[in-house]
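Chain by chain, the residues run as shown.
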Amino acid sequence: MRSIAMSSSSAMVRILIKGGKVVNDDCTQEADVYIENGIIQQVGKELMIPGGAKVIDASGKLVLPGGIDTSVHLEESFMNATTVDDFYSGTKAALAGGTTMVIGHVLPERNESLLEAYETCRNSADSKACCDYALHIGVTWWGPKVRAEMEKLVRDKGVNSFQMFMAYKDMFMLRDSELFQVLQHCKDIGAIARVHAENGELVSEGAKEALDLGISGPEGIEISRPEELEAEATHRAITIANRAHCPIYLVNVSSMSAGDVVATAKMQGKCQALKAVEREPYTGEVVAVANSGKRDTGSSDLDTPTRPCTRHGGVRDLHESSFSLSGAQIDDNIPKRSSARILAPPGGRSSGIW
């Protein structure tokens, strides 16, 4: 693993993004952004900053937070196919589009060690990735060894999300009883449980029918994977998760039928929002803005913030805004505002360039 360290003796990197329109989750404002060693220190106008900062003129432009792509497939082989992009070309393309972090997948073969598969991916990705990245780990089989390695990955490696499959029979598919036990374990170790819901048994039968008809291309998808198979598995996944008392993140929901199942379960109270861990409130620079909630107030007086005061006496707290925490931040214990840069994202590593 390549380590990246910042010390007080290292050269201070200062950047001032000037004259742009800053877009946050709660408001949009004309403001400058001052950054030291990758950490935003101030947002506002006429900032008092140290000398030596690199100035980036953003006049007439939007200044946006970097995007996070929570599901990418890089340098991955699956069913006799290999992705075109590796961690270098994929993350380089991500940066070109404004995405500054990606979350990839590690899919161990059946009976392969989850830890070894994780280390293999890290050893390859660390030297190639151009941006921050983290990893979802696939639970493609189940047993005491997998149980122990999941806990070790969470405790020692920073991984906090696992993906299970109800599809891909004889490859990645878990039986219902196994999925139930994995979800219980995810709940116990505080990990996010991602589930790919399809009826693997019937999809396999449908694939045989398509091949018998001489269909081996993408047009066989409709024959082998009708909507009802996804809807049935989605309902089953929610039922199993409900019995395990474990929130799930349903991935690749691709049909209206499956979406209706999720909507119905939410109305019945079976799909609950993930509750974030308690964090200290943001204590950094807070700029008073008249344009709150993207509405023009017609006033230029910035002495009185128009955002309603929070229980912290007006200190901005993202947990009280419309901002939704990503899965990668649900169960860690890192405050929103840290005194030092977080050098490695969960289960991955930081490029150290942002």
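About the thresholds
- Residues numbered from 1 in each chain as written.
- Predicted model: local features only at pLDDT ≥ 70, side-chain atom pairs only at ≥ 80, totals over all residues.
- Heavy atoms only, no water.
- Helix = DSSP H or I, 4+ residues; strand = E, 2+ residues; numbered from the N terminus.
- Buried < 20%, exposed > 50% of the residue type's maximum accessible area, 1.4 Å probe, protein only.
- Contact = heavy atoms within 4.5 Å.
- Areas by Shrake-Rupley, 256 points an atom, 1.4 Å probe, with all protein chains shown as cover.
- Salt bridge = Lys/Arg side-chain N within 4 Å of Asp/Glu carboxyl O.
- Expected span 1.5 Å × (residues − 1).
- Arc of directions from axis to C-beta.
- Polar contact = N/O pair within 3.5 Å; in protein donor to acceptor, adjacent residues only side chain to side chain.
- Axes fitted to C-alpha atoms, helices over the stretch in contact; angles between N-to-C directions.
- Parallel < 35°, antiparallel > 145°, perpendicular 65-115°, else oblique.
- Nonpolar A, V, L, I, M, F, W, Y, C, P; charged D, E, K, R; others polar.
- Pairing = 2+ DSSP bridges.
- Left-handed = near helix turned anticlockwise from the far one by under 90°.

Can you break down the overall build of the protein residue by residue, with the values?
If you tally the helices and strands in the protein, you get eight helices and 13 strands. Relative to its full complement of 354 residues, the protein shows a buried share of 41%. The long-range fraction of contacts in the protein, counting pairs at least 24 apart against all pairs at least 6 apart in sequence, stands at 71%. Split by element, the accessible area of the protein, about 19,500 Å² in all, is 53% carbon and sulfur.

Go over the pattern of salt bridges with me, naming the residues and quoting the values.
It is possible for side chains of opposite charge to pair when their charged atoms get near one another. Per the stated rule, a full pass over the model turns up 13 salt bridges. Here lysine 157 and glutamate 119 are joined by a salt bridge, their closest N and O atoms 2.8 Å apart. Of the two residues, lysine 157 sits in helix α3 (residues 144-157) while glutamate 119 sits in helix α2 (residues 114-125), which places them 38 residues apart along the sequence. What makes glutamate 119 partly exposed here is its relative accessible area of 26%. Sharing partners across several salt bridges, the network here consists of Lys152, Arg155 and Asp156.

For helix α5 (residues 200-212), give the residues involved together with the corresponding values.
Helix length check: α5 (13 residues) gives 18 Å between terminal C-alpha atoms against 18 Å at 1.5 Å per residue, within 8%. Restricting attention to buried positions, one finds in α5 the residues Gly200, Val203, Ser204, Gly206 and Ala210. Seen along its axis, α5 keeps its buried residues to an arc of 165°; they face one direction. Turning to α5, the residues buried within the fold contact α6 (221-224) and α7 (227-244). Glycine 214 sits one or two positions beyond α5 and adopts a positive phi of about 80°.

How would you summarise unusual backbone geometry if you had to cite specific residues and measurements?
We note that asparagine 37 has phi near 50°; this positive angle belongs to a residue other than glycine. Note on asparagine 37: relative accessible area 17%, which makes it buried. If you check the backbone angles, methionine 79 has positive phi at about 50° while not being a glycine. With respect to the helices, strands and loops of the structure, methionine 79 is situated in the loop between β7 (77-78) and β8 (81-82).

If you had to explain helix α1 (residues 87-96) to someone new, which residues and values would you point to?
Of the residues making up α1, those classed as buried are Phe87, Gly90, Thr91 and Ala94. One side of α1 carries all its buried residues, which in axial view fall inside an arc of 90°. Against the buried residues of α1 lie β9 (99-106), α2 and β10 (132-138). Sitting at the head of α1, aspartate 86 places a side-chain oxygen 3.0 Å from the backbone nitrogen of tyrosine 88. Following α1 by one or two positions, glycine 98 adopts a phi angle in the positive range, close to 90°.

Describe the packing of α2 against α3, naming the residues involved and giving the relevant values.
With their axes 9 Å apart at the nearest point, α2 and α3 run at an angle of 40° to one another. With respect to their mutual orientation, α2 and α3 come out oblique. Contacts between α2 and α3 involve Leu114, Leu115, Tyr118 and Glu119 on the former and, on the latter, Val146, Glu149, Met150, Lys152, Leu153 and Lys157. Here the residues of the contact of α2 with α3 are counted per class, giving six nonpolar, no polar and four charged.

Before we move on, can you summarise the environment of isoleucine 35 with the specific residues and values?
Inspection of the secondary structure puts isoleucine 35 in strand β2 (residues 28-36). On the basis of relative accessible area, isoleucine 35 is assigned to the buried category, the value being 17%. For the pair isoleucine 35 and isoleucine 17, spaced 18 residues apart in sequence, the C-alpha to C-alpha distance is 8.2 Å. Not counting chain neighbours up to four residues away, the residues in contact with isoleucine 35 comprise Val13, Arg14, Ile15, Ile17, Ile40 and Gln41.

So, the environment of methionine 256: which residues are in play, and what are the values?
The residue methionine 256 is located in helix α8 (residues 256-267) in this model. Using a relative accessible area of 64% as the deciding quantity, one classes methionine 256 as exposed. For the pair methionine 256 and alanine 231, spaced 25 residues apart in sequence, the C-alpha separation works out to 8.5 Å.

An account of the sheet that holds β10 is needed here, citing residue identities and associated values.
Pairing in this open sheet of six strands is parallel, and the strands run β6-β9-β10-β11-β12-β13 from one edge to the other. Whereas interior strands pair on both sides, the edge strands pair on one side only; in this sheet they are β6 (67-69) and β13 (248-251). Averaged over neighbouring strand pairs, the angle between their axes works out to 25° when direction is ignored. Both strand β12 (residues 192-196) and β13 contribute to a ladder of four bridges, which runs parallel. Bridging across to β13, histidine 196 finds its partner in valine 251. Taken strand by strand, α1 contacts β9 and β10, and its axis lies near 145° from that of β9. Together, β9 and β10 form the strand contacts of α2, whose direction differs from that of β10 by roughly 155°.

Residues and numbers for the packing of helix α4 (residues 176-189) against α7, please.
Look at α4 against α7: their axes get within 9 Å of each other, and the N-to-C directions meet at 50°. With respect to their mutual orientation, α4 and α7 come out oblique. Read as a crossing pair, α4 and α7 show a hand that is right-handed. In contact with Asp176, Leu179, Phe180, Leu183, Gln184 and Lys187 of α4, α7 contributes Arg236, Ile240, Ala241, Arg243 and Ala244. Here the contact of α4 with α7 is composed, by residue class, of six nonpolar, one polar and four charged.

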